[in-house]
Amino acid sequence: MRYCDGIGCNASTKTALKLLTLGFEVRELMGGLDWWKRDGYATEGARQQAGTEIVCGC
């Protein structure tokens, strides 16, 4: 997974729009992954962080 961080970067917004046009459900994280971690939510991967799990109701 890749993510964009910084006010000068709009690649994540452009990608979200592209995914929407392809039919995906998309959410933009205000504050990005940094705020996600600071708010105590779990992450996955090589540097995973324990925290609140988010369960998709899909």
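A. Representation of the overall build of the protein chain in the model. Each helix and strand in the protein chain was counted, giving two helices and zero strands. Residues counted as buried form 10% of the 58 residues belonging to the protein chain. Accessible surface computed for the protein chain: about 5500 Å², of which carbon and sulfur atoms make up 55%.

B. The environment of Asp-39, seen in detail. Among the structural elements, Asp-39 can be located in the segment after α2 (32-38). Along the sequence, Asp-39 and Thr-52 sit 13 residues apart, while their C-alpha atoms lie 9.0 Å from each other.

C. Structural detail: the environment of Ile-54. Inspection of the secondary structure puts Ile-54 in the segment after α2. Here the alpha-carbon distance between Ile-54 and Ala-42, two residues 12 residues apart in the chain, equals 7.7 Å. If we skip the residues at most four places from it in the chain, Ile-54 touches Trp-36 and Tyr-41.

D. How the structure looks around the pattern of salt bridges. This structure, assessed with the given rule, holds one salt bridge. Among the salt bridges present, the one from Asp-34 reaches Arg-38, with a minimum N-O distance of 2.7 Å. Here the residue Asp-34 and the residue Arg-38 both occupy positions in helix α2, the gap between them amounting to four residues, near one helical turn. Accessibility expressed as a relative area gives 62% for Arg-38, which makes it exposed.

E. Summary view of the side chain of Thr-43. Position of Thr-43 relative to the elements: it lies in the segment after α2. Using a relative accessible area of 13% as the deciding quantity, one classes Thr-43 as buried. Within polar-contact distance, the side chain of Thr-43 engages the backbone nitrogen of Gln-49 at 2.8 Å. Those residues in contact with Thr-43 that lie beyond four places of it in its chain are Leu-33, Trp-36, Lys-37, Gln-48 and Gln-49.

F. Structural view of a nonpolar patch on the surface. Taken together, the side chains of Leu-19, Leu-22 and Phe-24 make up a nonpolar region of the molecular surface, amounting to roughly 300 Å² of accessible area. Judged by relative accessible area, Leu-22 falls into the exposed class, the value being 56%.

Basis of the calculations
Residues numbered from 1 in each chain as written. Predicted model: local features only at pLDDT ≥ 70, side-chain atom pairs only at ≥ 80, totals over all residues. Heavy atoms only, no water. Helix = DSSP H or I, 4+ residues; strand = E, 2+ residues; numbered from the N terminus. Buried < 20%, exposed > 50% of the residue type's maximum accessible area, 1.4 Å probe, protein only. Areas by Shrake-Rupley, 256 points an atom, 1.4 Å probe, with all protein chains shown as cover. Contact = heavy atoms within 4.5 Å. Salt bridge = Lys/Arg side-chain N within 4 Å of Asp/Glu carboxyl O. Polar contact = N/O pair within 3.5 Å; in protein donor to acceptor, adjacent residues only side chain to side chain. Patch = residues over 30% accessible without salt bridge, like charges linked within 9 Å, V, L, I, M, F, W, Y side chains within 5 Å.

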